[in-house]
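An overview of the molecular structure
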Amino acid sequence: MELTGAEILVRCLKEEGVKHVFGYPGGAVLNIYDTLNAQDDVDHILVRHEQGATHAADGYARATGKPGVVLVTSGPGATNAVTGIATAFMDSIPMVIITGQVPTHAIGSDAFQEVDAVGITRPCVKHNFLVKDIKDLALTMKKAFHVATTGRPGPVVVDVPKDVTTDRYAFEYPKKIEMRSYKPASKGHTGQVRKAMDMILAARKPMIYSGGGVVLDKSHEVFTEFCRLLGYPVTNTLMGLGAFPGTDPQFVGMLGMHGTYEANMGMHHCDVLIAIGARFDDRVTGNIEKFCPHAQIVHIDIDPSSIAKTVKVDVPIVGAVGPVLRQLNRMIRESERKPDEKALAEWWKQIEEWRATDCLRYDRASKRIKPQYVMEELYRVTGGKAYVTSDVGQHQMWAAQFYKFDLPNRWINSGGLGTMGFGLPAALGVKLALPDEEVVCVTGEASIIMCIQELSTALQYGLPVKVVNLNNGYMGMVRQWQEFFYQKRYAMSYMEALPDFVKLAESFGHVGMKIEKPGDVTGALEEAMAMKDRLVFMDFITDPEENVYPMIPAGAGQNEMILV
Amino acid sequence: MRHILSILLENESGALSRVAGLFSARGYNIESLTVAPTEDPSLSRMTLVTSGSDEVIEQIMKQVNKLIDVVKLVLLTESDHIERELMLVKTQARGEAREEVKRLADIFRARIIDVDAGTYTVEVTGTGQKLDAFLEAVGAANVIEVVRTGLSGIGRGDNALRV
């Protein structure tokens, strides 16, 4: 039987097990919406702006590991989605974004709501397709999901002209797909893994540095096992938090620009660095010339182009984190050599000295609400079990520093692109996927405004997330840099004319709370968390001049941190 | 250092712009680029001349290989290979130049493929240096128009880039 392109598209989603599509209708996708409306297998979530759709699908994907799916119309629908697509691309998040397109005969004529979606998104997708012929539609969708979810994951755009959605063709969904041009690696090269093992076991001052790759590969268990076998200090990147239990003494905290002193000093002084699913981002390395001057480096990554991109490595291993670590764990267990316990004890002694600086300390006696305190209380009140999304800036760093993630997929933020506006829609995506889990969006008064319209989506679909707004009246991270590096010239970083967030939340049909005293923080959090079926917007008026410490200033090495 | 990449890629619309876009986005240099379908119409063969340190070339290879449309690639300059470029040159052909350009064409084993009262069009094939040398010999004053294809290359012996 022949189906229309729109019907084929929806059937493809069903075949892929897609339960939720985030989107916004428009002329070019009306046929697809008409078809979606006539079935019950795939639910559509109507957002209020296409950027929200991409972030919601992104949060959904980060929390569940399943691809997030987005449907937007041509032209502005596609361009509005670009920020979210780029966000997912930078953090390697599997997504399939279907963009409507003007009819094939009109492509290139500057038709109404026409943009070259494939051209615009090319630099920020893993791959993209323009489907010009209905015969290719099902195969293209299969390829899109395959490419998005395998290897190093990423967003894939499928651009579908309107006439393709009305053309008819027999539907057949390929069970398997082979692409001669795309064959991601899985297992590591045995010889390289053996070399890595030798180097790892010979270490006297080792560091394990892991990133988002461990989370994406769902390999936190085998990773934790690897760390425990060795007993080496473990640090995570911003994207890797939760891959190793954040409350474990073997964990020395996050590393990088606002990482802990002990993690960064450990990096600087280590003799063997074991990098796993991490990409030596500039926010991690600081000044690359001063990075890990004494270390031999093992680097495990599924993407060969991540290896030796900015930092030369001694033992590169191309492969998925899980399979490579399983190989390594087996070899380490079978090996007669063991880590040098004496050297390791010395090393830990040194690390504990660094840890004793208590680099995350802050003024607990302050009469103002300290944002760090809100994070600590949030952690306590939620038992450390919440899914925490964030926007971008100081609040993001405080959340990463003070909420101790014991499990992966709980910490959901825009690490690579640093997209303000990510947190709220991402939280909605998480809540939709995991309705029984506590979902908290940690944000600031500048970030939250960027996608505030999604409060409306939350009401429509009954998504009772909790918003923790650390309101210091400034774009805090911008202000901090201006204070440190621009002699306190606060150009455009002051948020004048802020709304009354309580009334704003109420006008969207939610609960608003304003908290101004440190003594009220815990009670407010408890009260909000107890409102299981309501979205609660907590506006915490925090110390406007609090800074994120410690910090590696731009151009400095990891051993040159500014402490409090 | 100068390097030649040979790339086999899916003969699909947009494949060329993915490669070109990658080079501009990451700040890599393209000296020349040629592309045409192969004996298998589903594949295109691209020859790309670039330059950079060993680290940059390694990163270029990895990034190009990562493009989903790229099936295979080799660094031709890593082993024995043959380079050829084709050039069409329109020259002055009046007075002394009429004899001189013809003599030079013979020396360079070039062919005059079009003639009129005042001009020649000469076809020259060879390495880039040979084409440069021909232009220099003819002299800027005699050159009216130059069209170069950019470099094509192939491995020597049984070194073959195929699927």
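Our subject in this report is the structure included herewith. (Residues numbered from 1 in each chain as written. Chains lettered and ligands numbered in written order. Predicted model: local features only at pLDDT ≥ 70, side-chain atom pairs only at ≥ 80, totals over all residues. Heavy atoms only, no water.)

**Some words on the overall build of chain A**
When helices and strands are counted, chain A shows 22 helices and 20 strands. Relative to the compact-globule value of 24 Å for 564 residues, chain A shows a C-alpha radius of gyration of 24 Å, a close match. When the backbone C-alpha atoms are referred to their principal axes, chain A occupies close to 70 × 60 × 40 Å. The buried share of chain A, reckoned over its 564 residues, is 61%. In chain A, of all internal contacts separated by at least 6 residues, the share reaching a separation of at least 24 is 76%. Surface exposure of chain A reaches about 21,800 Å², of which carbon and sulfur atoms provide 51%. Distance from the positive charge centre (58 side chains) to the negative charge centre (66 side chains) of chain A: 4 Å. (Helix = DSSP H or I, 4+ residues; strand = E, 2+ residues; numbered from the N terminus. Rg over C-alpha atoms; globule rule 2.2 N^0.38 Å. Buried < 20%, exposed > 50% of the residue type's maximum accessible area, 1.4 Å probe, protein only. Contact = heavy atoms within 4.5 Å. Areas by Shrake-Rupley, 256 points an atom, 1.4 Å probe, with all protein chains shown as cover. Lys, Arg positive; Asp, Glu negative; His and termini not counted. Charge placed at Lys NZ, Arg CZ, Asp CG, Glu CD.)

**Some thoughts on the sheet that holds strand β19 (residues 511–515) of chain A**
Residues and elements named next belong to chain A. Strand order in the open sheet formed by six strands is β16-β15-β17-β18-β20-β19, and the pairing between neighbours is parallel. Looking along the sheet, the strands with just one partner apiece sit at the ends: β16 (411–412) and β19. Pairing between strand β17 (residues 439–444) and strand β18 (residues 466–471): five bridges, direction parallel. When the bridges of β18 are listed, Val-440 appears paired with Lys-466. Contacting β17, β18, β19 and β20 (536–541), helix α22 (residues 521–530) crosses the sheet at an angle of about 170° to β20. (Pairing = 2+ DSSP bridges. Axes fitted to C-alpha atoms, helices over the stretch in contact; angles between N-to-C directions.)

**Side note on the side chain of A:Gln39**
Considering the arrangement of structural elements, one finds A:Gln39 in the loop between α2 (30–37) and β3 (43–46). Separated by 2.9 Å, the side chain of A:Gln39 and the backbone oxygen of A:Val42 make a polar contact. (Polar contact = N/O pair within 3.5 Å; in protein donor to acceptor, adjacent residues only side chain to side chain.)

**What to know about the interface of chain B and chain A**
Interfaces are often sized by the accessible area lost when the parts come together. With 20 residues of chain B at the contact, the number on the chain A side is 18 residues. Taken together, the two surfaces of chain B and chain A that pack against each other cover about 1,500 Å², and 46% of this comes from carbon and sulfur. It is B:Arg18, B:Lys62 and B:Ile68 in chain B that bury the most area against chain A; as a group they hold 43% of the surface buried on that side. Run the count over chain B and chain A and you get four salt bridges. A salt bridge links A:Arg180 to B:Glu10, with the shortest nitrogen-to-oxygen separation between them at 2.8 Å. Inspection of the chain B/chain A interface yields 10 residue pairs in polar contact (both at pLDDT 80 or more). (Buried area = accessible area lost by both parts, 1.4 Å probe. Salt bridge = Lys/Arg side-chain N within 4 Å of Asp/Glu carboxyl O.)

**Topic: helix α14 (residues 341–355) of chain A**
All names here are of chain A. An ideal rise of 1.5 Å per residue puts 21 Å on 15 residues; α14 measures up with 20 Å between its terminal C-alpha atoms. Looking at the buried side of α14, the elements it contacts are β9 (206–210), α10 (220–230), β11 (251–254) and α11 (261–269). Near the N-terminus of α14, the side chain that reaches the backbone nitrogen of Lys-342, with its oxygen 3.1 Å away, is that of Asp-340. (Expected span 1.5 Å × (residues − 1).)

**Things to note about the pattern of salt bridges**
Residue and element names in this part refer to chain A. Scanning the entire structure with this criterion turns up 32 salt bridges over all chains. Where Arg-62 meets Asp-91, a salt bridge forms, and the shortest distance between an N and an O atom there is 3.1 Å. Here the residue Arg-62 occupies a position in helix α3 (residues 50–64), and Asp-91 occupies one in the loop between α4 (76–90) and β5 (95–101), the gap between them amounting to 29 residues. Both residues of the pair, Arg-62 and Asp-91, belong to the buried class. The network of salt bridges with shared partners includes Asp-58, Arg-62 and Asp-91.

**Focus on the side chain of A:Thr237**
Secondary-structure assignment places A:Thr237 in the loop between β10 (234–236) and β11. Look past the residues within four positions of A:Thr237 in its chain and what remains in contact with it is A:Tyr209, A:Ser210, A:Gly211, A:Gly212, A:Met254, A:Leu255, A:Ala278 and A:Val284.

**Section: the nonpolar core**
Residue and element names in this part refer to chain A. Within the largest apolar cluster, 99 residues are counted, with the highest numbers of intra-cluster contacts made by Phe-226, Leu-273 and Val-468. Ignoring anything within four residues of it in the chain, the contact list for Val-468 reads Val-374, Met-375, Leu-378, Val-440, Cys-441, Val-442, Thr-443, Leu-525, Met-538 and Phe-540. The next biggest cluster of nonpolar side chains, apart from the first, holds 46 residues, and it includes Ala-56, Ala-63, Ala-426 and Val-439. (Core = buried A, V, L, I, M, F, W, Y, C linked by side-chain atoms within 4.5 Å.)

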